[in-house]
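An overview of the molecular structure
Here's the letter readout for the chains.
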Amino acid sequence: MGPMLPPAKTPNNRPRRPADPPGTAARRAAMRLLDAVLRRGDPLEAALPAATRGLEGPDRGLAHAIAAEALRRLPDLDALIDSATRQPLPANAKARTALRIALVQTLSLGTPPHAAIATVLPLVDGGPRKLVHGVFGALTRGGAALPELPSLPAEVAARWGANWGNAVVDAAAAAIAAPPPLDLTLADPDALAPEGTSLAPDHRRLVDPAPVTNLAGYAEGTWWVQDIAASLPARLLGRGPGKALDLCAAPGGKTMQLAAAGWDVTALEIAPSRAARLHENLSRTHLPAKVVIADALDWEPAEPMDALLLDAPCSATGIFRRHPDVLYRAHPAIIAEMAALQARLLDRAAGWVRPGGRLVFATCSLEPEEGEAQIERFLATRADYALEPATAGELPAKLIRDAAGFLRLLPGTLADVGGCDGFFIARLKRASA
Ligand SMILES: C[S@@+](CC[C@H](N)C(=O)[O-])C[C@H]1O[C@@H](n2cnc3c(N)ncnc32)[C@H](O)[C@@H]1O
């Protein structure tokens, strides 16, 4: 053994901190992402640019994957952490976040324990390093494992259990555990598209697909990514010709469907950055639509519409499989705020449909306030509108049901073929004059 060297000194004579092991920056970014979602209530996707600034693509992807998986497994990770500490750590303590990040990598993402902990300890330098190391070591040496069926956050499980029953809560847990398939909507049934299963002539479902940009037809713009549930609202407006208004349009999945179905489409979007994505999507798919950047609560169309689609802003709790952050952000106050906005949008838009025309209201929400209750309230105030239920042949056969006249897609729907997002969809017809 060589002579013991004193620790390297910095110019101001303090011992130099050892360099962070490779991969630490991605874990640091994962910590920023979890903080953004859990403490500040930001959407995970919206937090990505700032949280991962300066990281290379693969590290950015890794930070996102770690944070998303930690959110999917959060209640179970926390239960493990609490089982190994004398006093529960505060909800957003750095030590808890560091442990969530280290544990989820080892227990769910296949990272070897030594790599998971080595890249996480620098995140608590000058703080509870010993505690994090000790708890992680005790859990991993003791054979800690995550349950096969993930637990939902208690508030969500209680709310969905009360609204839909415990079988739906279990189905949601199962949906969290399985990577969702990738659904494509084709511009027409004969369009160039990758091989896959099909729930409708213009639909492909791919399991474990290649990156989207490598798939057949991406460059040609013959399809776009869209969960089968999200494709139903536009299907219910049928085919043009006629004037169609897509009121909350970006990134444009439904605008593209309407344009491909022969409608003369106006697509309205309030957020310029999202409208830019809508333009990109229309340009890739070579589909025509007039894009207007405006607030639907200020703007109004010059003439009545034959078809109107209100895919309203909502709590988005139906897309929890791909966006697990919604499970932690959609508190009752947010749901109530969104429901109030939807009511204003719906009441306003209802005046823009010509007599005899159709309005489809949709939300990717699992909350009745943003679905059933919204439509009941609307119908109680508008005698000129009535529900028009979907008929056989209009939608994929497995999805036609509901004597109530609207479509309610819950966790468990299509579970035998990979599931779908949660959605509420109602088609309303305005009485002829
Ligand atoms: C559920 S997303 C729409 C998804 C889109 N229909 C699709 O299929 O790709 C709701 C959109 O409504 C936009 N939005 C929210 N409030 C709005 C308003 N007052 N006027 C116009 N657009 C609005 C949001 O920026 C968001 O892009």
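Residues numbered from 1 in each chain as written. Predicted model: local features only at pLDDT ≥ 70, side-chain atom pairs only at ≥ 80, totals over all residues. Heavy atoms only, no water.

Relative to the helices and strands, Asp-82 is located in helix H4 (residues 74-83). Separated by 14 residues in the primary sequence, Asp-82 and Arg-96 have C-alpha atoms spaced 9.3 Å apart. Dropping the residues within four chain positions of it, Asp-82 is found in contact with Pro-88, Leu-89 and Arg-96. (Helix = DSSP H or I, 4+ residues; strand = E, 2+ residues; numbered from the N terminus. Contact = heavy atoms within 4.5 Å.)

It is worth spelling out the sheet that holds strand S1 (residues 182-186) at this point. Strand order across the open sheet formed by three strands is S2-S1-S3, with antiparallel pairing between neighbours. Strands with a single pairing partner mark the edges of an open sheet, and in this sheet they are strand S2 (203-206) and strand S3 (223-225). Within the sheet, the average angular offset between the axes of one strand and its neighbour, ignoring direction, is 25 degrees. (Pairing = 2+ DSSP bridges. Axes fitted to C-alpha atoms, helices over the stretch in contact; angles between N-to-C directions.)

Its domain assignment divides the chain into domain 1 (24-141) and domain 2 (182-430). Between domain 1 and domain 2, the C-alpha centre-to-centre distance is 35 Å. Between domain 1 and domain 2, the residue contacts involve 12 residues of the former and seven residues of the latter. In this assembly, domain 1 packs against domain 2 so that about 720 Å² is buried in total across both faces, 64% of it on carbon and sulfur atoms. Broken down residue by residue, the surface that domain 1 buries against domain 2 is led by Glu-45, Leu-71 and Arg-72, which jointly contribute 45%. Counting every contact that joins domain 1 to domain 2 gives zero salt bridges. Joining domain 1 to domain 2, the criterion identifies three residue pairs in polar contact (both at pLDDT 80 or more). Elements supplying a minimum of two residues to the side of domain 1 that touches domain 2: helix H1 (24-38), helix H2 (44-51), helix H3 (57-72) and H4. For the side of domain 1 that touches domain 2, the element with the most residues is H3, which contributes three residues. Looking at the side of domain 1 that touches domain 2 residue by residue, the class counts come to eight nonpolar, one polar and three charged. (Domains from an automatic or database assignment. Buried area = accessible area lost by both parts, 1.4 Å probe. Salt bridge = Lys/Arg side-chain N within 4 Å of Asp/Glu carboxyl O. Polar contact = N/O pair within 3.5 Å; in protein donor to acceptor, adjacent residues only side chain to side chain. Nonpolar A, V, L, I, M, F, W, Y, C, P; charged D, E, K, R; others polar.)

Attention now goes to the pattern of salt bridges. Inspection of the entire model under this criterion finds 29 salt bridges. With its nearest N and O atoms 3.5 Å apart, the salt bridge here joins Asp-227 to Arg-322. Within this pair, whereas Asp-227 is found in the loop between S3 and helix H10 (232-235), its partner Arg-322 is found in the loop between strand S7 (305-311) and helix H13 (326-329), the two being separated by 95 residues in sequence. The buried category is assigned to Asp-227, whose relative accessible area is 7%. A residue is classified by how much of its surface remains accessible, and Arg-322, at 31% relative accessible area, is partly exposed. Measuring nitrogen to oxygen at the nearest pair gives 2.5 Å for the salt bridge that ties Glu-388 to Arg-358. With Glu-388 in the loop between strand S9 (385-387) and strand S10 (406-409) and Arg-358 in strand S8 (residues 353-363), this residue pair connects regions lying 30 residues apart in the sequence. We classify Glu-388 as buried; its relative accessible area is 19%. (Buried < 20%, exposed > 50% of the residue type's maximum accessible area, 1.4 Å probe, protein only.)

Taken N-terminus to C-terminus, the directions of helix H14 (residues 332-349) and helix H15 (residues 372-381) make an angle of 40 degrees; their axes are 11 Å apart at the nearest point. Relative to H15, the element H14 lies oblique. Of the two elements, H14 crosses H15, and the hand of that crossing is right-handed. Contacts between H14 and H15 involve Ala-339, Gln-342, Ala-343, Leu-346 and Asp-347 from the first element and Gln-374, Ile-375, Arg-377 and Phe-378 from the second. For the contact of H14 with H15, the per-class residue count stands at five nonpolar, two polar and two charged. (Parallel < 35°, antiparallel > 145°, perpendicular 65-115°, else oblique. Left-handed = near helix turned anticlockwise from the far one by under 90°.)

What follows deals with the pairing of strand S6 (residues 290-293). Note that strand S5 (residues 264-269) and S6 share four bridges and pair parallel. By the bridge assignment, Leu-268 is partnered in S6 with Val-292. Viewed along the sheet, the connection from S5 through helix H12 (residues 272-285) into S6 turns out right-handed. (Right-handed = clockwise from strand over helix to strand, strands pointing away.)

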